[in-house]
Amino acid sequence: MFHIHCPYCDEWREEEEFHPRGQAHIARPEDPAGCSDEQWGDYLFFRDNPRGIHHELWVHAVGCRKFFNVTRHTQSYEILETYRIGERPRFTRDNPDGVVASAPESLDDSDIATAAQEVRA
Amino acid sequence: MSEAIERARTFDAFPDEGIPLESPLAWSFEHVGCPAPGTHSRVMMRERQHDHLILRGGAIVLDEAVRAVLGLSLPARPLELSQGERASLQWLSPDEWLAVLPQGDAFRVETALRSALGDASVAFSDVSAGQTVIELTGDDQALRELLMKSVVYDVHPRHFAVGKGVTTVLAKTSVILRRPDERRWELVVRRSFADYVYRWLLDAGEEFAIGVERDVTAGETT
Amino acid sequence: MSQPNRLDTGGLIDRSRPLRFTFNGKEYSGFHGDTLASALLANGVDVVNRSFKYSRPRGIVAAGAEEPNAVVQLGHTEAEQVPNVRATQQALFEGLTARSTNGWPNVQRDLMGTIGKLGGKLMPPGFYYKTFMAPASLWMTYERYIRKSAGLGRSPLERDPDIYDRINRHCEVLVIGAGPAGLAAALAASRSGARVILCDEQERFGGSLLDGQALLDDRPALQWVEQVLEELAANPEVTLLPRTTANGYHDHNFVTLHERRSEHLAHCAPRVEGRRQSRSRLHRVRAARVVLATGAHERPLVYAGNDVPGNLLCSAVSTYIRRYGVVPGKRLVVSTSNDDGYRAALDWLDAGREVVAVADARPAPDGELVEIARARGIRILPGSAVVEARGEQRVASARVATIDIDAFRVTGASETLDCDTLASSGGFSPVIHLASHTGTRPSWRDDLIAFVPNLPRGMLAAGAAGGTFGLAEVLAEGRDAGLEAASQAGFESAELILPAVASRRDGAAVALFQVPHEKPTLRAPKQFVDLQNDVTAAGIELATREGFESIEHVKRYTAMGFGTDQGKLGNINGMAIAARCLGRSIPEVGTTVFRPNYTPVTFGAIVGRYCGALFDPERYSALHQWHVEQGAEFEDVGQWKRPWYFPRTVNGKRETLHEAVMRECRAVREGVGILDASTLGKIDIQGPDAREFLGRIYTNKWAKLGVGKVRYGLMCKDDGMVMDDGTTSCLAEDHFLMTTTTGGAAGVLEWLELWHQTEWPELDVSFTSVTDHWATMTVTGPMARELMRELTEGIDLDREAFRFMDWREGKVAGVPARVFRISFTGELAYEINVQAHAAMHVWKALFAHGEKYDLTPYGTETMHVLRAEKGFIIAGQDTDGSVTPEDLGMQWAVGYDKPFSWVGQRALTRSDTARQDRKQLVGLKPRDPSVVLEEGAQIVLDPDHPIPMPMVGHVTSSYYSPTLETGFALAVVKGGHQRMGETVYLPCVDGKVHEAEIVSTIFLDPKGERQNV
């Protein structure tokens, strides 16, 4: 049972409130008519099934009804981050540790601790 | 014909006086029954009739108009609930708010907001008859346990302070759960699910000897 | 009633509160504070069950959740029956009734025991698979008898009188296990102000402190336990859950706890002030941090005859003596590989019974407990082990011999010792189940001779669960884990002073799992590894010889660690034996996966209150009460209850479905009918780009739909397949009201949001569900206008002023209403939307005025017949996600030249969707008009074709039409649009073959003249 941080409600919420909607960052081709059958078929039917870091589209269905993205490890089921539509993931297959030069928008343990402290205060 | 078109967006669906209205729980009170509150009752339940208006648009755009019309500031933070004397405003999503208003007031408020906002890109939807408010009062521990048996959201006062409202899962349906003040919890329930939620709360509340108070404004009014 | 094995003093039982109970029909007595197991032992009951496969007599082995044998069926009456209860976890109460789960006809005289005895050698692993496989058709018969004789408990045949519930909890620190580590952890964490939940599966908190002699600060440990519990209980942020087993550890620190709330009181939960209380409760806990303080289970040694009743774990012997004041025998032999085994011998001696000998596998044992035992005159046999226990229904003697562990052989002559109890200890295995429920594998530690958990993120281990055994170290680790867990969750607490503990000097243990026998394992008497599943060392060896090298395969072949046992006692021994046979090390062989649940959970607790009337939500329209009062029959449409038909009583006889539907259909075609259509999904769409959005999401054109107009729309997924349909009305240039199918409402709203939020955020449009706000009533039939005239204000109902596919606003029965001239029946129709609060008033007013027109309420069945006569599809019935608008023949609803490539357009020209031989929607007219084809019936072109016949399609909708006086159907047929007039055949289950003609989908009024009047 996942615990998911909704980037719009800015809270950790129970999986029951969410629906998964498959792989993230599947953009509809700009010019569908210009696509070959194969290209359109790829867009419609073909999805990654990686062992490791995977970006997924979820919706906070029983909540704010907003779609957002989740970076999840498909073996440990750990959720490394959630981010809004239009934002780029920090954790990727090429950058599994989420190393960034600039200040990242991260969701790790320190955030749980910070959130808890805020709650307490 | 042309008149109908101009008024299309701001259709006052609220019936004139004299038309009998049935709240979403009116029939439930009849066919399920209303356990009378007793000395052992640790939780009390009642239905509150209000109008409900959904506000869509940008927070900055809406805020001023809302202040002018309702005398309340628009909740800017996620999950925030502003409770006024006659109305409340709740954040539902970054571009969506719920106004709970006195019954019969939605059209006036909508019209006033529209006229205050002119051509701004906003939307209002009257859902007054589509949902109802179930109010729960009683002793803190019993209330909290009843909610814990029902909703997946964390209702600990540290996590769910007064002035907060969330949309979450209750049993196998969804509700808006709000804490307008220290004394009360409110469930905003969709009309078609109201009977189910009512039966659920009676069943889960049995160990707290839950009692139902028939609000004078609830049920059939004439 | 005497309790021969009960001591006069000692233990945590209350001898002033005797309790009577019944086991296998015989009455016994025990005391308050007993478990069923301790009470059975006190009464000298040796045989508590028959084993699963060989049907051998079995007795109590352990004192906790790891007990493999004493699994009982609880309950006095039929309705109270609870299967698979461990006697070691069941508190005794007055009137408790239990039976063995295994054993047929009974545990003393067992039919399968004979077979097991005779055929034991003939029942190798895989016996059932190999023997009963053929013929497969007989497996069901075999299985019934195997189950009956093997016994797996049985569910009650009557309704459970109890109620159950579930509760959602959130906390910062969940501490699992309330032994010394768990208590210290909970105490430390709680002082930070964090929310702490402490649960333990036993009746009382204290864990190992309940049956030890440990002193904390020079006082009995129980005083410290009481003191800690007092502080915890006074803290409002602490939740104490005794009798609560953490059964499943799930992702992101979600843990399910099974609390037995009244199982210790009675078979049925007692009422409180007349109100029902839940018998047990499932806690669904989301914890920021979990402290695993589940302790360790002692490993038995594997030797010949180790399953004869009277073979126990050393720790269980101590627990029964110290905690329950029960000595489970008279003459004890201990077989151990470590110092802990001596504890049982010393406790036995303290209880005034005879210790025959301690066989210690170590050549030169020298720990503190060994010294004490030696000083007290206990005979110690170094370098030895019990190689074989003998006895039938109870241990009668033990054969002891010196052994060479490394060479795995017996080195000396054996000595036979008379005894009735044999306690063994092979060391302790940390209880790591929860840590591996999400797939994490444990690591082997040679120094501990045990697997220790690799912890999932967010979990900390403390005490024996993590491989720490000394009491002082355990307490310190518990405290540190509690502080760390709270701190990680953002709560800091002050230093916690722990009580002082005298430490014990232990000698080193040796790794002994299976004790060698003079004969090779395959020929030696049975040496049991998994007592519950009757898995022997020979079975494991045979499995490895037959080529099963992976421990997961060995497990499946032998059934080791299956079922309710989950390998609590046997797994490590089994792996060690597999490793020996394969010539590998234990870490190389590895462990199998433990799965939830740790111990069985009653279905009631899983179901909670999701049963009976609360099984699933029932959604009601605002008119539901009227339908109920009219005696409507209802149909489930999604979660909605919709009137299916309204049977009338004619001449004292209630109409059948067919009769009612024929009458309702005629009323609509000839007079006027009314339908509650409130359940249709309604979505309020607003914004300057609303029109553009509709053009992209629907297949047809929306650019020119004027205010006051309504249009039918078809919605596809981007693969070109129809997903939903409905009408959308233009309320204003930037304001539309969309309707969806009843079942599709939520999905369509999410679909619109998906496209808006992820693909076209630049479009200024918003969507709000108004399904529940509006009640919708469809007044339809040739007389509809006359009826509407009587109640409508502000709308000119003349044909020219209010045309088909227009909407108008006015009042109906005094209530503000939007009225839509759309028709799903093919007749003149008005769909009235009013605010739901006033729906009943309007509905009743319509009937008050409708009486003279014989206004007839109709349900979904009539609606289906009427729409099918017109060839109107129902998305989800005539479509199934593989049907394009073209397959439906609905090219008229496809905007091929719209500027934006709407959702689904590109897919319509893919080679597969453009095929000519796709299944296409057609009408079917049975040659015999009295035939109503079966929905789902397969269609063939040649009924004489040998089986298997090529199937070219199937029936999607089929009804009898009173208007056409014939059965008729909609169907999808390969290339159907090109087959008009052809004959097809529908073979039925009963052997009949129906013949039908392919016709247009529109059976009635193809020009639409009836609806456009």
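Before reading on, note that the structure itself is shown above.
Residues numbered from 1 in each chain as written. Chains lettered and ligands numbered in written order. Predicted model: local features only at pLDDT ≥ 70, side-chain atom pairs only at ≥ 80, totals over all residues. Heavy atoms only, no water.

Caption draft 1: View of the sheet that holds strand S44 (residues 807-812) of chain C. All names here are of chain C. Sheet architecture is open: seven strands sit in the order S43-S44-S45-S46-S42-S36-S47, paired in mixed fashion. The sheet is open, and its two edges are formed by strand S43 (792-793) and strand S47 (856-857), each paired on a single side. Where S44 meets strand S45 (residues 815-820), six bridges bridge the pair, whose relative direction is antiparallel. Counted as the bridge partner of Lys811 is Pro816 from S45. (Pairing = 2+ DSSP bridges. Helix = DSSP H or I, 4+ residues; strand = E, 2+ residues; numbered from the N terminus.)

Caption draft 2: Layout of the interface of chain A and chain B. Of the residues lining the interface, 14 residues belong to chain A; the matching set on chain B comes to 19 residues. For the chain A and chain B pair, buried surface summed over both sides reaches about 1,300 Å², with 58% attributable to carbon and sulfur atoms. Broken down by element, the residue count for the side of chain A that touches chain B peaks at three residues, all from strand S2 (residues 11-14) of chain A. Grouping the constituent residues of the side of chain A that touches chain B by class yields five nonpolar, one polar and eight charged. (Contact = heavy atoms within 4.5 Å. Buried area = accessible area lost by both parts, 1.4 Å probe. Nonpolar A, V, L, I, M, F, W, Y, C, P; charged D, E, K, R; others polar.)

Caption draft 3: How the structure looks around the interface of chain C and chain B. Chain C puts 70 residues into the contact, and the matching count from chain B is 60 residues. Summed over both partners, the interface of chain C with chain B comes to about 5,800 Å²; 51% of that surface belongs to carbon and sulfur atoms. Contact with chain B buries area across many residues of chain C, yet C:Arg609, C:Glu809 and C:His837 alone supply 13% of it, more than any other trio. At the junction of chain C with chain B, the criterion picks out nine salt bridges. The partner of B:Glu207 in a salt bridge is C:Arg281, with the nearest N and O atoms 3.0 Å apart. Seen at the junction of chain C and chain B, the total is 32 residue pairs in polar contact (both at pLDDT 80 or more). A per-class count over the side of chain C that touches chain B returns 27 nonpolar, 18 polar and 25 charged. (Salt bridge = Lys/Arg side-chain N within 4 Å of Asp/Glu carboxyl O. Polar contact = N/O pair within 3.5 Å; in protein donor to acceptor, adjacent residues only side chain to side chain.)

Caption draft 4: Structural detail: the environment of C:Pro987. Residue and element names in this part refer to chain C. The topology assignment puts Pro987 in strand S52 (residues 983-987). For the pair formed by Pro987 and Pro948, sequence separation is 39 residues and the distance between their alpha carbons is 12 Å. Setting aside residues no more than four positions away along its own chain, Pro987 makes contact with Gln938, Val940, Met949, Lys992 and Val993.

Caption draft 5: Fine view of the pattern of salt bridges. For the structure shown, the criterion picks out 106 salt bridges over all chains. For C:Glu388, the salt bridge is made with C:Arg399, and the minimal N-O distance between the two is 2.9 Å. Remark: C:Arg399 occurs in strand S22 (residues 395-404) and C:Glu388 occurs in strand S21 (residues 384-391); sequence separation between them is eleven residues. The same class applies to C:Glu388 as to C:Arg399, namely buried. In this structure, C:Arg808 and C:Asp806 form a salt bridge, with 3.3 Å as the shortest nitrogen-oxygen distance. For the pair C:Arg808 and C:Asp806, a shared accessibility class is recorded, and that class is buried. Overlapping salt bridges, with partners in common, bring together B:Arg46, B:Arg48, B:Glu135, B:Arg178, B:Asp181, B:Arg184, B:Glu186 and B:Glu213 in one network. (Buried < 20%, exposed > 50% of the residue type's maximum accessible area, 1.4 Å probe, protein only.)

Caption draft 6: Geometry of the sheet that holds strand S4 (residues 53-59) of chain A. Here we have four strands laid out as an open sheet, ordered S3-S4-S5-S6 (chain A), and antiparallel in their pairing. Each of the sheet's edge strands pairs with one partner strand only, and the pair in question is strand S3 (19-23) and strand S6 (79-84) of chain A. The mean angle between the axes of side-by-side strands here comes to 30 degrees, regardless of whether they run parallel or antiparallel. Direction of pairing for S3(A) relative to S4(A): antiparallel, over a ladder of three bridges. Each bridged residue has a counterpart across the sheet, and for A:His19 the counterpart in S4(A) is A:Val59. Strands S3, S4 and strand S5 (67-73) of chain A of the sheet are contacted by helix H20 (residues 745-758) of chain C, whose axis makes an angle of about 85 degrees with S5(A). (Axes fitted to C-alpha atoms, helices over the stretch in contact; angles between N-to-C directions.)

Caption draft 7: Region of interest: helix H22 (residues 839-850) of chain C. Compared with an ideal rise of 1.5 Å per residue, which puts twelve residues at 16 Å, H22(C) spans 16 Å between its outermost C-alpha atoms and is within 8% of the ideal. Among the residues making up H22(C), those that are buried are C:Ala839, C:Met840, C:Val842, C:Trp843, C:Ala845, C:Leu846, C:Phe847 and C:Gly850. (Expected span 1.5 Å × (residues − 1).)

Caption draft 8: Region of the structure containing helix H12 (residues 537-545) of chain C. Residue and element names in this part refer to chain C. Regarding H12, the residues found buried are Ala537, Gly539, Ile540, Glu541, Ala543 and Thr544. Where H12 is buried, its residues meet strand S30 (528-530), strand S31 (535-536), helix H13 (551-558) and helix H14 (571-582). Gly547 sits one or two residues past H12 and shows a positive phi near 105 degrees.

Caption draft 9: Quick peek at the packing of helix H21 (residues 784-791) of chain C against H22(C). Residues and elements named next belong to chain C. Two elements in contact, H21 and H22, have axes whose closest approach is 10 Å; the angle formed by their N-to-C orientations is 115 degrees. Crossing of H21 against H22: the hand is right-handed. Contact residues: H21 offers Leu787, Glu790 and Leu791, while H22 offers Ala845, Leu846, His849 and Gly850. Class assignment of the residues belonging to the contact of H21 with H22 gives a composition of four nonpolar, two polar and one charged. (Left-handed = near helix turned anticlockwise from the far one by under 90°.)

Caption draft 10: Up close: the nonpolar core. In this structure, B:Leu55 and B:Leu113 are the most contacted members of the largest nonpolar core, which totals 71 residues. A per-element tally of this core places helix H6 (residues 194-204) of chain B first, with eight residues. C:Phe23, C:Val61, C:Leu74 and C:Tyr320 belong to the second-largest nonpolar core, a separate cluster that totals 59 residues. (Core = buried A, V, L, I, M, F, W, Y, C linked by side-chain atoms within 4.5 Å.)

Caption draft 11: Main features of the environment of B:Ile176. Its place among the elements puts B:Ile176 in strand S9 (residues 173-179). For the pair B:Ile176 and B:Asp63, spaced 113 residues apart in the sequence, the C-alpha separation amounts to 22 Å.

Caption draft 12: Just the pairing of strand S14 (residues 254-260) of chain C, in detail. Residue and element names in this part refer to chain C. In terms of residue burial, S14 counts as a mostly covered element, since seven of its seven residues are buried. With six bridges connecting them, strand S13 (residues 244-250) and S14 associate as antiparallel partners. When the bridges of S14 are listed, Ala246 appears paired with Leu257. Hairpin connection, S13 to S14: the antiparallel pair is bridged by three residues, and His252 has positive phi, about 60 degrees. Bridge analysis of S14 against strand S15 (residues 278-292) gives seven bridges, and the strand direction is antiparallel. Note on S15: the bridge partner recorded for Val255 is Val285.

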